[in-house]
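Chains, contacts and geometry: an overview
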Amino acid sequence: MSQPEGKSSPNVADAEGSNPFLTTKKEFIQSFFKRASEFTEELLRENERLRFRILELEAQVTQRPAVSEGSETPSAAALRELVKRIEELEQERERLLSRFRSVQAENADFEHRYKEIERENNSLANLYVASFQLHATLDLREIRQVISEILINLIGAKIFAVLLLDEQRGLLRPFATYGIDREQLPQLKLGEGRIGQVVASGLPEISGAYHGPFNIEHPAIVTPLRIKDRVVGAIVVWEFFRQKTGIEDVDHELFNLLAAHAASALLGARLSMEMRDQVPPLWVAADL
């Protein structure tokens, strides 16, 4: 099966040390989470302090001055003072319990908000890394590798193909494949069949069939690559890794990003070749 250069297994991304996506993403996220982590630790310390104070008060309330045999009975004034002190301790204990419950509720709210921010930052990091990597090179081989790594590492695609449009013949030719051999792909013509019709429309289509059974004629996702009204190719995904249970908002954003930025990156690479007096059509240049 054809796989992008540098990939030997479709299961998981490369180790963090050798994967520029994961390394860049990790650095990007760390700058967001440092303050949130410090704030969470501060709340945990406050909770622990309140728990300890409550235990102290409970111990004081339950303690009573023992009266040994033969000793004098405490005076009425001393008893009243003791009762008053016990009531004060009970009131302080109730205040602390109320404060403790309030802090627990705040912690639950902060935890929920923290997870939301974490998801948003993770999505932002994915978009940032994808956009940065796509425009970091004008080499077609590297662009093909970047597109494939975005689909594998950030989206979780298991079987997919990146197609480029042969405008003269109206054919969609494979630029990169993963989990499927190029020979398995039928001749895809613009405007014909489900894939050709979706690409011709210029609008993405999602079927929701994420985990097979594999059917070459019924992909899960078809996303045209376009610059304004000009279509230059398409991304077709047939199957996702098992751990992916559905298409999320960030996946839609990544596909939208690829639809525009991958197309501009590919055309930018072709213009770079043109400046070097190498001007074959884009789909031909991809095979050089």
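Notes on the structure follow. (Residues numbered from 1 in each chain as written. Predicted model: local features only at pLDDT ≥ 70, side-chain atom pairs only at ≥ 80, totals over all residues. Heavy atoms only, no water.)

For the structure shown, the criterion picks out seven salt bridges. Between Glu167 and Arg230 there is a salt bridge, with the nearest N and O atoms lying 3.4 Å from each other. Taken as a pair, Glu167 in the loop between strand S1 (157-166) and strand S2 (171-178) and Arg230 in strand S6 (residues 230-240) lie far apart in primary sequence, 63 residues in all. Among the salt bridges present, the one from Arg194 reaches Glu205, with a minimum N-O distance of 2.8 Å. Note that Arg194 is positioned in helix H4 (residues 193-201) and Glu205 in strand S4 (residues 205-206), a separation of 11 residues in sequence. For Glu205, a relative accessible area of 34% translates into the label partly exposed. (Salt bridge = Lys/Arg side-chain N within 4 Å of Asp/Glu carboxyl O. Helix = DSSP H or I, 4+ residues; strand = E, 2+ residues; numbered from the N terminus. Buried < 20%, exposed > 50% of the residue type's maximum accessible area, 1.4 Å probe, protein only.)

Looking now at the pairing of S2. Of all eight residues in S2, six are buried; the element is thus mostly enclosed. Pairing between S1 and S2: seven bridges, direction antiparallel. Among the inter-strand pairings, Leu163 is bridged to a residue of S2, identified as Pro174. Alignment of S2 against strand S3 (residues 188-189), held across two bridges, turns out to be antiparallel. Each bridged residue has a counterpart across the sheet, and for Leu172 the counterpart in S3 is Leu188. (Pairing = 2+ DSSP bridges.)

On to helix H5 (residues 249-275). Under the 1.5 Å per step criterion, the end-to-end length of H5 is 39 Å for 27 residues, consistent within 8% with the ideal 39 Å. The principal kink in H5, of about 30 degrees, is found at Leu258. (Expected span 1.5 Å × (residues − 1). Bend = angle between axes of the 7 residues up to and from the residue.)

Looking now at the pairing of strand S5 (residues 221-227). Burial analysis of S5 places five of its seven residues in the buried class, the great majority of the element. Across two bridges, S4 lies against S5 in antiparallel orientation. Looking at S5, one finds that Ile206 is bridged to Ile221. The pairing of S5 with S6 spans seven bridges and is classified as antiparallel. The residue bridging Ile221 from the neighbouring strand is Val237, located in S6. Two successive antiparallel strands, S5 and S6, enclose a turn made up of two residues, where Lys228 displays a positive phi of approximately 55 degrees.

To continue, consider the packing of aromatic side chains. Applying the stated criterion across every chain, the model contains two aromatic pairs. Relative to Phe132, the ring of Tyr128 has its centre 6.1 Å away and its plane inclined at 20 degrees; by these criteria the two rings are stacked. Note that Tyr128 and Phe132 are positioned in helix H2 (residues 76-134) at a spacing of four residues, about one turn of the helix. Residue classification places Tyr128 among the partly exposed residues on the basis of a relative accessible area of 37%. (Phe/Tyr/Trp six-rings, centres within 6.5 Å; stacked < 30°, edge-to-face > 60°.)

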